[in-house]
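Structural description and commentary
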Amino acid sequence: MQRYSAVAFLASAVPRVLAELADAAQAAEEAADSVASRTGVSENGPGDLKALISALFLNSLIVIGCLIGFTVLRMRFPMMYSHKMNQSKESLTANRSEGVDSSVSTSSQKRRRLRELKTRVCDWFSFSIKTSTEDAVDRAGLDAALLREFCTTGALILATVGIPMCIIVAPINSTLGEAPRGEDHLSAAEMATIRQDHPWLYYVHAVIVWLVCLAVHFHLDRAQATFLQLRVKWLQNLPAPRSTTVLVENVPSKWRSDEKLREFFGTIFSPEDVAGTHMVKLEDDLAKLVCERENLVALKRKAELTFEKTQKVETYRPTWCGPKVDALEYCDENLRGLDDQIISLRQEHDAERTEDPTARTSHCGFVTFKGRRFAEMAQSLQISPNKQEWKVTAAPEVSDLRWDDLRKPRTLKIGSELLGYACCVGLYIGFMPIVGFVTNLGMAVNMGPFQPIWEGFAPTIGLTIFLCFLPTLFMTIFRTFFVLKSESLAQHKLQFWFFLFQLIFVVLVTTVGKSIITQFQHIAENPKEVFQIMADSLPKATHFYMTYLVLQWSRRAMEMLRYMPLSKFLVFRAIFSQEEAKEMAEPEDQDSFGFGARNVNLAVSVVLGLLFCSMSPVVTVLAMFDLLLARMTYGYLVIYAETRKPDLGGVFWVTQIQFVQLAMALYCIFMVGVLRQKSSSCAWLVAVPSLLIVLYSFWHIPRAYQWKKLPFQEVAFGIDKLEQKDCDDPAGDCYVQPELTAVDQLTTLAA
């Protein structure tokens, strides 16, 4: 009863708290300057061309420096930069010195070594560009390969749209338009220079809107067809026991035991079809002890290696305010008797479950079948009339499971997630003052002779710094308050929330005005005003987005250095072996460099490039170069350098396609508003039906390409190919909580 009352209290209190926060935010924002000005987004004006050139020069130098640094580091630390490359078969750096005739002159050998060195320096670029998608999937997984493919697709879309715009439309705008005021030469080729009520040019731009939408939909449709082929092949090759295991959630209490769960699915199918069942056990106290033991063992080994290599005694501070103690003595003292305590606690829990098989069990469990056919059929069944019961889905990868979340009671899910949403809203509220403070601080700094270069950075520095830390804040909220089955699903949740944040506060920040809450209320009351709002605000900030996109080039190039994993590797290598140091240094920070954040950053570049392709084609071209640089970077990093990540099989890709479709919709709305504002003719009416292409794209792609499950014809007619005959774990014993497996190992050692 106390648990239910707590949930009821949270459900009633959180909305009130959100309402109070919203009122406070609205009052604070209305009393301040516009959101755009506080984030450093300035309107177009004189001097922007000089700032853009400075940003291009500086960021190009940074990119070149990072590429040179990466090349040197890759040769110096191959374990960190090319560990997934099979040198004997695939590397272009194979040693050709064996079997060389001794009669060959020394000068010839030097020339050969020079050619080999040149090949070894530059071969990473060849691997990045030439590696096939199928090979990338085999090496790094489908999600990693599709991250690379999205860069290609996005760059292709922007090239199809942006290059003709720059070659054809921009000169027309410059020739027939009005000269920009003052020294604003950067606006000379933009649509904003066309004089009001031009007799025919706005009709041309209305037709261009149609052509852009058709081109984008064509590329998306073709890319989704290719993805579907990769997805089906990925599902076919999914290894057992993951392919033959399902996750069952919201199991009724009377079926919450391994035996009962096996009996239930053995009745639906047949007892011979079920290979194994594992209910998630409520072993929080046992998991805590096992985790404590693992930490002590790791600390002890580190202390022993430190003493062996440096003859120094490792010290350890048990509490943050306590004194330091000898690490070896501390570990020996705390490990003494800990194994017996863990085994004894496990025996107590087993005895409790012997009396009541459903005791200390969660509502989640795993069922492993003897064939792929039964796992696919189980996911399609409606087992109970109550949709909240017997929810059957494909099992995530074992290494990616969040066991703590699977142990959480579902009664606390609503209240916990309400608190999580409240924290997300708090990030939106706190964004304005934090970014404004950092930006003002950057603008106040005088860099002396480097001031022209600094002016290319300063307007976006606050926004960039906050956005760097934002993924970590979001992931902390998701891990704390949201009930998720795996870490990859947390990354997917980050993809949505982080993109929404960047869409509002980066892409559409100039449309927000003084208060985001007031603006949303205004649009809700007058939906037609969205055309006018976008037409009034977005054309004034095209130069800012040019600088913003150029700044992303440095971010892409700096990722190639892998400076954080390398730093950790160098520190750990001083104590541990290179293999252990490599394992401890990986992976890179998944909050900022995981699939969620990386996909969002790429999607924002595509959105900006599409949104401004008619208004300012230079933005589109700069976004295209950003995606090409990302293609080169991720084409090598995620395939050959970084460790393989758990794979969702294309979930991130599908969301990316939806983001591009949203960008197409925003582009149509924006251009209709601009045409309506700039011309009293019917040009805007010519552009309005282009929204039908957007609607068709939203309708057609998800219906034409059913990607979530393996087509049953593949299961029925390709059963021989799907069966895993040589599976090392046919019963799915890997889907057992790690603390239980650890106790079993301790019990075996003790015996």
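Topic: the overall build of the protein
- When helices and strands are counted, the protein shows 31 helices and 6 strands.
- Scored against the burial criterion, the 751 residues of the protein give a buried share of 51%.
- In the protein, once contacts between residues fewer than 6 apart in sequence are set aside, the share between residues at least 24 apart is 84%.
- Accessible surface, the protein as shown: approximately 35,400 Å² in total, 61% of it carbon and sulfur.

Overview of the pairing of strand 2 (residues 274–281)
- Here strand 2 lies mainly inside the structure; 8 of its 8 residues are buried.
- One ladder, built from 6 bridges, connects strand 2 with strand 5 (residues 361–369); its direction is antiparallel. Looking at the pairing, H278 lines up with F366 of strand 5.

Some words on unusual backbone geometry
- Residue P241 follows A240 across a cis peptide bond; omega there is 5°.
- When you line up the elements, P241 lands in the loop between helix 8 (201–236) and strand 1 (245–249).
- Looking along the chain, the bond that leaves E586 and enters P587 is cis, with omega of -10°.
- Mapped onto the fold, P587 is located in the loop between helix 22 (578–585) and helix 23 (590–593).
- Phi at R360 takes a positive value of approximately 55°, unusual for a residue other than glycine.
- Owing to a relative accessible area of 25%, R360 belongs among the partly exposed residues under this scheme.

Regarding the pattern of salt bridges
- Here the structure, examined in full by the defined rule, presents 33 salt bridges.
- Taking the shortest distance from any N to any O, the salt bridge between E263 and K260 comes out at 3.9 Å. Remark: K260 and E263 occur in helix 9 (residues 258–268); sequence separation between them is 3 residues, near one turn of the helix.
- Look at E263 and you get partly exposed, because its relative accessible area is 42%.
- The partner of D744 in a salt bridge is R346, with the nearest N and O atoms 3.2 Å apart.

Description of helix 3 (residues 48–76)
- If you check helix 3, its first and last C-alpha atoms are 41 Å apart, about what 29 residues at 1.5 Å a residue would give, namely 42 Å.
- Where helix 3 is concerned, the buried positions are D48, A51, L52, S54, A55, L58, N59, V63, C66, F70, T71 and R74.

As for the side chain of D273
- Relative to the elements of secondary structure, D273 occurs in the loop between helix 9 and strand 2.
- Among buried Asp, Glu, Lys and Arg side chains, D273 stands out as unpaired, with K370 the closest opposite charge at 7.2 Å.
- At 2.6 Å, the side chain of D273 and the side chain of S270 are in polar contact.
- Residues within four places of D273 in sequence aside, it is in contact with F369, K370 and F374.

Overview of a nonpolar patch on the surface
- Together, I163, I167, I168, I172, L176, W200 and V204 make up an exposed nonpolar region whose accessible area comes to about 600 Å².
- In terms of residues, the nonpolar patch owes the most to one element, helix 7 (residues 142–176), which gives 5 residues.

Brief notes about the nonpolar core
- Judged by nonpolar contacts, the single largest core of 151 residues is most densely connected at F474, F478, F501, M534, L611, F612 and F670.
- In terms of residue count, helix 26 (residues 651–678) provides more of this core than any other element does, 19 residues in total.
- Among residues more than four places away in sequence, those in contact with M534 are L508, T511, P539, L611, L666, I669 and F670.
- V246, A375, A378 and V392 belong to the second-largest nonpolar core, a separate cluster that totals 16 residues.

Description of the packing of aromatic side chains
- Counted by the stated rule, this structure contains 38 aromatic pairs.
- Between W124 and F125 the ring centres are 6.0 Å apart and the planes differ by 90°, which places this aromatic pair in the edge-to-face class.
- Its relative accessible area of 42% is what places F125 among the partly exposed residues.
- Feature note: the residues Y421, F474, F478, F482, F496, W497, F501 and F505 constitute an aromatic cluster, connected by ring pairs.
- Directly above the aromatic system of W255 lies the positively charged group of K260, at a separation of 5.7 Å from the ring centroid.

Some details on the sheet that holds strand 5
- Spatially, the 4 strands line up as an open sheet ordered 2-5-1-6, and their pairing is antiparallel. Pairing within the sheet leaves two strands with one partner each, and these edge strands are strand 2 and strand 6 (391–394). Taking the axes of each pair of neighbouring strands and ignoring which way they run, one obtains an average angle of 25° across the sheet.
- Of the pairings in the sheet, the one linking strand 1 to strand 5 comprises 4 bridges and is antiparallel in character.

Let's talk about helix 9
- Those residues of helix 9 lying buried are L261, F264, F265 and G266.
- Lining the buried residues of helix 9 we find strand 1, strand 2, strand 5 and strand 6.

A few points about the packing of helix 10 (residues 284–310) against helix 11 (residues 327–335)
- Axis separation between helix 10 and helix 11 bottoms out at 9 Å; the angle between their running directions is 150°. Looking at the two axes, helix 10 sits roughly antiparallel to helix 11. Here helix 10 runs over helix 11; the crossing is left-handed. Mapping the contact onto sequence places R293, L296, V297, L299, K300, A303 and E304 in helix 10 and A327, L328, Y330, C331, D332, N334 and L335 in helix 11.
- Its residues assigned to classes, the contact of helix 10 with helix 11 shows 9 nonpolar, 1 polar and 4 charged.

Notes on the confidence of the model for the protein
- For the protein, per-residue confidence averages 82 on the pLDDT scale, and residues scoring 70 or more make up 80% of the total.
- Long-range and interchain partners of residues 24–32, a stretch whose pLDDT sits below 50, account for 17 contacts in this model, where long-range means more than four residues apart.
- Segment residues 87–104 is flagged for pLDDT under 50; beyond a separation of four residues in sequence, or across chains, it makes 22 contacts in the model.

Cut-off values and rules
- Residues numbered from 1 in each chain as written.
- Predicted model: local features only at pLDDT ≥ 70, side-chain atom pairs only at ≥ 80, totals over all residues.
- Heavy atoms only, no water.
- Helix = DSSP H or I, 4+ residues; strand = E, 2+ residues; numbered from the N terminus.
- Buried < 20%, exposed > 50% of the residue type's maximum accessible area, 1.4 Å probe, protein only.
- Contact = heavy atoms within 4.5 Å.
- Areas by Shrake-Rupley, 256 points an atom, 1.4 Å probe, with all protein chains shown as cover.
- Pairing = 2+ DSSP bridges.
- Salt bridge = Lys/Arg side-chain N within 4 Å of Asp/Glu carboxyl O.
- Expected span 1.5 Å × (residues − 1).
- Lys, Arg positive; Asp, Glu negative; His and termini not counted.
- Polar contact = N/O pair within 3.5 Å; in protein donor to acceptor, adjacent residues only side chain to side chain.
- Patch = residues over 30% accessible without salt bridge, like charges linked within 9 Å, V, L, I, M, F, W, Y side chains within 5 Å.
- Core = buried A, V, L, I, M, F, W, Y, C linked by side-chain atoms within 4.5 Å.
- Phe/Tyr/Trp six-rings, centres within 6.5 Å; stacked < 30°, edge-to-face > 60°.
- Lys NZ or Arg CZ within 6 Å of the ring centre and 35° of its normal.
- Axes fitted to C-alpha atoms, helices over the stretch in contact; angles between N-to-C directions.
- Parallel < 35°, antiparallel > 145°, perpendicular 65-115°, else oblique.
- Left-handed = near helix turned anticlockwise from the far one by under 90°.
- Nonpolar A, V, L, I, M, F, W, Y, C, P; charged D, E, K, R; others polar.
- pLDDT = per-residue confidence, 0-100.

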